[in-house]
Amino acid sequence: MSKRVDHSEAASKFIKAKDHLEFHDKRLWDLRGKRDREVERLPEWEQLRTLASAIKEHTLTHLADYLEEFERNAIANGARVHWARDAAEHNQIVLGILQEAGASTLVKSKSMLTDECEMRPFLEARGIEVMETDLGERIQQLDGEPPSHIVVPAVHKLRGDVSRVFADKIGTDPKNSDVHYLAESQRRHTRPYFLRAGAGMTGANFAVAETGTLVVCTNEGNADLSVHLPTLHIASVGIEKVIPRIEHVGVFVRMLSRSALGSPITQLTSHFRKPRPGTAMHIVLVDNGRVERLGMADFWYSLKCIRCGACMNTCPVYRRSGGLSYGSTYSGPIGVIIDPAFDLRKYGSLPFASTLNGSCTSVCPVRINIHEQIYKWRQVIAERNQLPIVKQQAMAAAGKVLASPKLYRAATEATNLSLAKLPRVVLYNRLNAWGRQREVPGAPKRTFRQWYLENRKPKK
Amino acid sequence: MKAALFIPCYVDALFPEVGIATLELLERLGVKVDYPLDQTCCGQPMANSGCEKDAAGAEALFVKNFAGYDYVVTPSGSCTHHVRENLTAIPQTARVLKVRRSVYELVEFLHDVLAVREFPWAEFRHAVGLHNGCASLRALRTASASEIREPPFSKPMALLSKVKGIRFVAPQRPDECCGFGGTFSVFEEPVSAKMGYDKVSDHAGAGAEYIVSGDMSCLMHQKGCAERMGLPVRFIHIAQVLNGARK
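Quantities reported herein were computed from a predicted structural model and do not represent experimental measurements. (Residues numbered from 1 in each chain as written. Chains lettered and ligands numbered in written order. Predicted model: local features only at pLDDT ≥ 70, side-chain atom pairs only at ≥ 80, totals over all residues.)

A. Local environment of the overall build of chain A. Each helix and strand counted, chain A has 23 helices and ten strands in total. Once the C-alpha set of chain A is aligned to its principal axes, its extents read approximately 90 × 55 × 50 Å. By the burial criterion, 48% of the 460 residues in chain A qualify as buried. Across chain A, contacts joining residues at least 24 apart in sequence account for 74% of those joining residues at least 6 apart. (Helix = DSSP H or I, 4+ residues; strand = E, 2+ residues; numbered from the N terminus. Buried ≥ 20, exposed ≤ 12 C-beta atoms within 10 Å, placed from the backbone. Contact = placed C-beta atoms within 7 Å.)

B. Layout of the interface of chain B and chain A. Taken together, the contact pairs 58 residues of chain B with 57 residues of chain A. Where the side of chain B that touches chain A is concerned, the elements lending two or more residues are α1 (9–14), α2 (16–28), α3 (44–48), α4 (52–66), α8 (134–139), α10 (184–187), α11 (189–205) and α12 (216–229) of chain B.

C. Structural view of the confidence of the model for chain B. Mean pLDDT over chain B works out to 97, with 100% of the residues at or above the 70 mark. Among the scores for the predicted complex, ipTM is 0.98 and pTM is 0.96. (pLDDT = per-residue confidence, 0-100.)

D. Structural context of the pairing of strand β7 (residues 232–238) of chain A. Residues and elements named next belong to chain A. Most of β7 is tucked away, with seven of its seven residues classed as buried. Alternating residues of β7 divide into Leu232, Ile234, Ser236 and Gly238 and His233, Ala235 and Val237, and every residue in both groups is buried. Summarising the sheet, strand β4 (residues 199–202) and β7 pair through three bridges and their orientation is parallel. Bridge pairing in β7 places Gly200 opposite His233. Note that β7 and strand β10 (residues 280–286) share seven bridges and pair parallel. The residue of β10 that forms the bridge with Ser236 is Val284. (Pairing = 2+ DSSP bridges.)

E. Up close: unusual backbone geometry. Residues and elements named next belong to chain A. A positive phi angle, near 50°, is found at Glu118, a position not held by glycine. Counting through the fold element by element, Glu118 comes out in the loop between α6 (112–116) and α7 (119–124). C-beta crowding within 10 Å serves as the criterion here: with 15 such atoms nearby, Glu118 is assigned to the partly exposed category. Positioned with a positive phi, Asn385 is a non-glycine residue whose angle comes to about 55°.

F. Just the domain arrangement of chain B, in detail. All names here are of chain B. Domain boundaries assigned for chain B yield domain 1 (3–113) and domain 2 (127–242). Of note, the centres of domain 1 and domain 2, computed from C-alpha atoms alone, are 22 Å apart. Every contact between the two is made by 25 residues of domain 1 and, on the other side, 22 residues of domain 2. Counting residues per element, the ones that place at least two in the side of domain 1 that touches domain 2 are α1, α2, α3, α5 (77–86) and α7 (106–113). Looking at the side of domain 1 that touches domain 2 residue by residue, the classes come out as twelve nonpolar, nine polar and four charged. (Domains from an automatic or database assignment. Nonpolar A, V, L, I, M, F, W, Y, C, P; charged D, E, K, R; others polar.)

G. Summary view of the packing of helix α19 (residues 389–402) of chain A against α4(B). Two elements in contact, α19(A) and α4(B), have axes whose closest approach is 8 Å; the angle formed by their N-to-C orientations is 10°. On the basis of their axis angle, the class for α19(A) and α4(B) is roughly parallel. Of the residues in α4(B), those in contact with Met395(A), Ala396(A), Gly399(A), Lys400(A) and Leu402(A) of α19(A) are Asp54(B), Ala55(B), Gly57(B) and Ala58(B). Tallied by class, the residues present in the contact of α19(A) with α4(B) amount to five nonpolar, two polar and two charged. (Axes fitted to C-alpha atoms, helices over the stretch in contact; angles between N-to-C directions. Parallel < 35°, antiparallel > 145°, perpendicular 65-115°, else oblique.)

H. Spatial organisation of the packing of helix α1 (residues 7–16) of chain A against α11(B). Close contact between α1(A) and α11(B) brings their axes to 7 Å; oriented N to C, the two are set at 45°. It follows from the interaxial angle that α1(A) and α11(B) lie oblique. Seen from α1(A), the contacting residues are Ser8(A), Ala11(A), Ser12(A) and Ile15(A); seen from α11(B), they are Pro190(B), Val191(B) and Lys194(B). Its residues assigned to classes, the contact of α1(A) with α11(B) shows four nonpolar, two polar and one charged.

I. Just the sheet that holds β7(A), in detail. Residues and elements named next belong to chain A. Read from one edge to the other, the open sheet built from six strands follows the order β1-β10-β7-β4-β2-β3, with strand pairing classed as parallel. The sheet terminates laterally at β1 (80–84) and β3 (129–132), the two strands that pair on one side only. Strand-to-strand twist of the sheet, defined as the mean angle between neighbouring strand axes without regard to direction, takes the value 20°. Where β1 meets β10, five bridges bridge the pair, whose relative direction is parallel. Bridge assignment links Trp83 to a residue of β10, and that residue is Leu285. Where helix α5 (residues 87–101) meets the sheet, it contacts β1, β2 (105–108), β4, β7 and β10, and its direction lies at approximately 170° from that of β10.

J. Structural detail: the sheet that holds strand β4 (residues 103–105) of chain B. Judged by pairing direction, the sheet is parallel, and its four strands sit side by side in the order β2-β1-β3-β4 (chain B) without closing on themselves. Two strands bound the open sheet, and with one partner strand each, they are β2 (33–34) and β4 of chain B.

K. Region of interest: the environment of Asp19(A). Looking at where Asp19(A) falls in the secondary structure, it is placed in helix α2 (residues 18–40). With 9 C-beta atoms counted inside 10 Å, the residue Asp19(A) sits in the exposed group.

L. Inspection of the environment of Glu145(A) at higher detail. Residue and element names in this part refer to chain A. Considering the arrangement of structural elements, one finds Glu145 in the loop between α8 (135–143) and α9 (159–170). Look at Glu145 and you get partly exposed, because 16 C-beta atoms sit within 10 Å. For the pair Glu145 and Leu324, spaced 179 residues apart in sequence, the C-alpha to C-alpha distance is 8.6 Å.

M. Layout of the domain arrangement of chain A. Here chain A is described as being made up of domain 1 (1–41 + 297–387), domain 2 (45–288) and domain 3 (403–455). Just the C-alpha atoms count here: the centres of domain 2 of chain A and domain 3 of chain A sit 55 Å apart.

N. Layout of the environment of Gly181(B). With respect to the helices, strands and loops of the structure, Gly181(B) is situated in the loop between β6 (167–168) and α10. For Gly181(B), a count of 28 C-beta atoms within 10 Å corresponds to the buried category. Taking C-alpha positions, Gly181(B) is 9.9 Å from Gly133(B), a pair spaced 48 residues apart along the chain. Not counting residues within four places of it along the chain, the set of residues in contact with Gly181(B) comprises Thr355(A), Leu356(A) and Ser192(B).

O. A look at α4(B). Given a rise of 1.5 Å per residue, 15 residues ought to cover 21 Å, and the 20 Å separating the end C-alpha atoms of α4(B) matches this to within 8%. The principal kink in α4(B), of about 30°, is found at Ala58(B). The element α4(B) is extensively covered by neighbouring structure, given that eleven of its 15 residues are classed as buried. Along α4(B), the residues that are buried comprise Glu52(B), Asp54(B), Ala55(B), Ala56(B), Gly57(B), Ala58(B), Glu59(B), Leu61(B), Phe62(B), Asn65(B) and Phe66(B). Of the surrounding secondary structure, the elements contacted by the buried residues of α4(B) are α18 (370–383) and α19 of chain A together with β1 (3–5), α3, β3 (71–74) and α6 (94–102) of chain B. (Expected span 1.5 Å × (residues − 1). Bend = angle between axes of the 7 residues up to and from the residue.)

And the structure:
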């Protein structure tokens, strides 16, 4: 059985590394600030959100039709289309394509889906050399860690950390942590792989049904190199990425990078239509739990996600706990509502890694009601007995007391008297999580109700 | 107008002065307000923890206490939000739905229902940082939120700006959650405390002598943080300031 993720425990470790924590919080808050300034420039921003949401909602409620339309058009363009029910099928299909082409090196650009499918270890164990070419993903690959953020995968690392990883793994000067030096070193290190790779892989931000094309938004140019140098292009695409028409791309492209990084648009917005002469293009459409989620009345809205990461950047909990503390491919608010659908037991603590403050919902460019779904997941987790016993018992007891005026009065009126007399050591010990870093509120002499009875003359 | 006062459990037990200020303020404004004596809680603590079923008893009692009123006024944004959006552990009869529609957070009630624009008795000669609880800000929409592209507005600020002598400071992240979050404060203690420390530091750094809020639960958490940190900043509920508290 999978090990349960203990978000609180992992977060406490993250918080102890002060420099990292401070940088992480500040860097992501800075992205949120840039996003706000971009949003300010577009008077129609809230309309765009509504429109984007409506397009996604329409597509998801006609998903089968649009997927088939996409498939037809992609095939007509000259691509080959594969369908993968789950991660295992996806990985097997990709391996089969590579083996058929005799490709032993794969250069790939960023794709959360391939992380979700744990494709890299699968291929590596079968003799395929896999090279992440996105800088952040590459840092994480070299360090043996998953990405901690869906847009900026190594955002939890300081440049000193990157310098250490690069010195260890690609032979850079350990004393040099200049960002330009590090970026250039990675670039030089990666180039030969592009030239000799038998295959290149991308994900897709959008799959346009009407044209059978894939749209990939990147900032580093690595996706285009991955597609244009090798003779084989494999694209892994989650089925929720399909949108009906080419004119819809504009709606999303206007929002994607503004939401993600606070830039008006990504450096590159590439449309991949068909293989160049003498090359092949394979598209793997992946379900891996998406259809099941589409059938969940309270949670299907999460499939609208365009993976911009704005919810993570704005989330005060994410910024102070780091993506790795969620123990999953998808972290932050969007992860909190996606992960339990994959494994309720393993990810049962994640919906509680939230104050339900709702900032995520307010920044979401496709209007996913993230914090409301977090609330709903909590109900599901409690119903399926996945809450810690302490919490279950505490809530059952609280529920009983608060349902009874008599028990409630006995508890509140007595608590105040006894609290006031308690020595400090009783309140401040390891068992009282409140008191570890906070003072406990002082106990008043009487409750409001007692004051009221003494000072007003209520009708009996 | 038939109005009742709902004093949330934690205000009743830990901050009776906030309940008193709320009652006195409503009385000053000429609202005859009942205080049903058998009230306890709206059910939020259990429901927010996922245990909606355990909230059913408290919710039923809430409805029983407040069924006969046009307005139920409470000095708590998060309780108002719970009743309005999430009081669903019990069958949704017409009576239940009516109660759910009748509940108003104090600032909303003053600003929207009574349309109070003057508090001649109020004077608060301090530098104030305003803290909007997240439920008030993003669910009740008592103020514009920095995430949303909309014209700026703030009902609590509109009310407080009528208080003589008050000065406002501008924290760098005014809309950032303070990290209370109900049981989050205990089960996610490390992150909760860090958020609280950051929140009070932000206000103190902006020069706040007081942090004022419509949500005492946020303030309880922030006060606990500030006291442990040794920060001189103090905390007061908006009802107290509007009712004429000088400090």
